[in-house]
Each structure stands twice: as structure tokens, then as C-alpha cells.
Amino acid sequence: MSNSGNYEAVAADIKKLLHQPEYDDGSAGPVLVRLAWHSAGTYDAETDTGGSNGAGMRYEAEGGDPANAGLQHARTFLEPVKEKHPWLTYADLWTLAGIIAIKEMDGPTIPWKPGRTDYVDDSKLPPRGRLPDGAQGADHVRFIFYRMGFNDQEIVALSGAHNLGRTHKDRSGFHGPWVPNPTRFSNQYFRLMVELEWKPKTLDNGVKQFVHYDEDLDEELMMLPSDLALIQDKEFAPWVKKYAADKELFYRDFSAAFAKLVELGIKRDESGKIVNADNVKGGYIS
Ligand code: CCH
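Fair warning: this is a prediction, and the values are worked out from it, not measured in the lab.

Scoring rules and cut-offs
Residues numbered from 1 in each chain as written. Predicted model: local features only at pLDDT ≥ 70, side-chain atom pairs only at ≥ 80, totals over all residues. Heavy atoms only, no water. Domains from an automatic or database assignment. Contact = heavy atoms within 4.5 Å. Buried area = accessible area lost by both parts, 1.4 Å probe. Salt bridge = Lys/Arg side-chain N within 4 Å of Asp/Glu carboxyl O. Polar contact = N/O pair within 3.5 Å; in protein donor to acceptor, adjacent residues only side chain to side chain. Axes fitted to C-alpha atoms, helices over the stretch in contact; angles between N-to-C directions. Helix = DSSP H or I, 4+ residues; strand = E, 2+ residues; numbered from the N terminus. Parallel < 35°, antiparallel > 145°, perpendicular 65-115°, else oblique. Nonpolar A, V, L, I, M, F, W, Y, C, P; charged D, E, K, R; others polar. Donors = N, O, S within 2.8 Å, 3.2 Å for Na, K, Ca; no water. Buried < 20%, exposed > 50% of the residue type's maximum accessible area, 1.4 Å probe, protein only.

Things to note about the domain arrangement of the protein
For the protein, the assigned domains read domain 1 (7–131 + 255–261) and domain 2 (138–254). On a C-alpha basis, the centres of domain 1 and domain 2 stand 21 Å from each other. Contacts between the two partners involve 32 residues from domain 1 and, on the opposite side, 21 residues from domain 2. Note on domain 1 versus domain 2: buried area summed over both sides is about 2,200 Å², and carbon and sulfur give 60% of it. Remark: the boundary between domain 1 and domain 2 carries three salt bridges. The tally of links between domain 1 and domain 2 comes to 22 residue pairs in polar contact (both at pLDDT 80 or more).

Focus: the packing of helix α6 (residues 138–148) against helix α7 (residues 152–159)
At a minimum axis distance of 10 Å, the contact between α6 and α7 shows a crossing angle of 100°. In terms of orientation, α6 lies roughly perpendicular with respect to α7. In this structure, α6 contributes V141, R142, F145 and Y146 to the contact, and α7 contributes D152, I155 and L158. Taken together, the residues of the contact of α6 with α7 sort by class into five nonpolar, no polar and two charged.

Points about the coordination of the iron atom of the ligand
Exactly one donor from the protein chain reaches the iron atom of the ligand: H162 (NE2), at 2.1 Å. Structurally, the position occupied by H162 is in the loop between α7 and β1 (166–167).

Things to note about the pattern of salt bridges
Scanning the model with the defined rule gives 17 salt bridges in all. Measuring nitrogen to oxygen at the nearest pair gives 3.1 Å for the salt bridge that ties K84 to D13. Of this pair, K84 sits in helix α4 (residues 71–84) while D13 sits in helix α1 (residues 7–17), and the two are 71 residues apart along the sequence. Taking the relative accessible area as the measure of exposure, K84 reaches 40% and is therefore partly exposed.

A word on the side chain of D44
For D44, the position within the fold is in the loop between α2 (29–40) and α3 (60–63). A residue is classified by how much of its surface remains accessible, and D44, at 11% relative accessible area, is buried. Residue contacts for D44: discarding those within four places in its chain leaves T49, R130 and R147.

Put into C-alpha cells, the structure is as follows:
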């Protein structure tokens, strides 16, 4: 058992579990990034509900949302870390794991602060339908991300996470990775979106996506309809092109947007201590 508050020890243990030769492309990293994002991406600024505080995905109401299909793998990967560091909250573990995974996969450093609680306030449980639907277009994507308080530039930057991992037929119904090397963070998703020709394809389950056959890989790369909406929309498209051309800019903007994502709904005092953990007996968990 580690000392309470030893986040370096936690980070080291997260790094150690990323290599998973039997799983997907050999890394737990991408699905951990998705866990961090879905834990936070339920936030609604107007009602101040949802967000990473509370780790509500442990329960059926949120965990059983079809949009969260497959994320049990991510939670299972992290369970030994929680067992070894029982003082750590799931809400902190999930957000930190995403950030460590991004860095370990060659992505940017993302600032992260601890202090989230695992207390689930039923009145703050997010309803289903707060996470985006890949079958839809720019209006839907804006509706979802504006609700959290993001602007067009931040939406495009965050979408660059689709450089990682893949879609699974048994989870979302879509199939395949976005890029040839889906365990290495880069701006390739934007470059391929701009450079390649994407053809519509209806899968045998009736799901529609866009594909590009990669000869070297002998595999089809994919884009969701919601991905290609970024290059079709006149406000989003300039950011896609900027990030395709400038990896440094993308890393900087992605880091800032992801740091904002995992802080949604969390209020801190000047010392960084969370002040709206009032629903937890004794307040702040240190
Ligand atoms: Fe995503 N994402 N995402 N996504 N996502 C999927 C997989 C990943 C949408 C839909 C899907 C973000 C935004 C969006 C990741 C990170 C982020 C899948 C496949 C769908 C569908 C799930 C499956 O079948 O396993 C839509 C729609 C949007 C926005 O409109 C944002 C923002 C992030 C993070 C910053 C990552 C990583 C994956 C890969 C997961 C894996 O298991 O490999």
C-alpha cells in the first residue's frame, strides 16, 4: 500500500500497465484516454451537472450508457492501481490515467490536479445522451461541446485524440483505426483527413462510416461522419488545416483543452484545493 497522496507512485504504476500485448494494438493507452474523456464529457455548464467528479461510470445509470460500451476494459486495467493505492479516488485515477497514457504515447504533457471525489450525488447524475454520436454532423458536435463550454477551436483540438485507438463493431458499431499507428500520439489524424480521399461505406451491420484503403497496411483506415464534419464545416476546417500543418500548435492546444476537460465542474481555491466537494463528509479528500 502506498502513502496517501503519492501521485508519482500512482503514475509509475499506470505507466507499467500500458503495455498489454494481448489487447487491441498492444496498448491500454487509447481506451484509458477514452475513459478519461467520457468520465468528464458529461458535463453541462448550465446545470453544473456531470463531469469527472463522482466517477459515476462505476454505476449502471452511467456505466451502462451504450455510449460507454467497452470502457469496462479501461476500468479493469486500472483496478490493480486502485487496490494498491486505496486512498486514491476513481475520479482522480481515471483522469490521471488518460493524461499519463497520452504522454507515454508521445503526446503532450497535460497539467493535472488531484482532489476529485467519488461521492455520487443522485441529483447531479448526468442523463444519458450527453456524449457525442459519431453518426452525426457538425451541428450535433457543436451542441454537445458548447454545452460543456468549449469553442470551435477547442472542439477540433480535442477531436485530434482520434489519432489514438480504434472503433470496435461490438462497442460502437463502427470498425477500424483512424491512422496506421494508433498507439502513437501525433497530428496524423488531421493530416490524413486533409490528404486522403475518404469513401462512404456501409458495414454489414448497417453502420455508415468513411474508409480509405491503406496498401502498406493492407487494412482500411476509417473516419466517423462526425470526424469528417470537421473538414466540411467552414468554421472547423481552418483549425483542421492548421493542426495538420503544425504539430506543435496542435500539441499546445490539445494539452490546454484536455486539461480544461478534466476540470469541468470542479471549483478550486487559490491553493488548488477543490471547494465544491461539499457533499463529501469532511470535505476535501487529501
Ligand atoms: Fe472518440 N470515439 N469521439 N473522442 N475516442 C471513439 C473512440 C475513441 C466520438 C466517437 C467515438 C473524442 C470525441 C469523439 C477517443 C477519444 C476522444 C469511438 C469508437 C467512437 C464512436 C468506440 C469503440 O467502438 O470502441 C465522437 C462522435 C466524438 C466527438 O464528436 C474526444 C474529445 C476524445 C478525447 C479527447 C479515443 C482515444 C478512442 C479510441 C478508444 C479505443 O478503445 O481505442
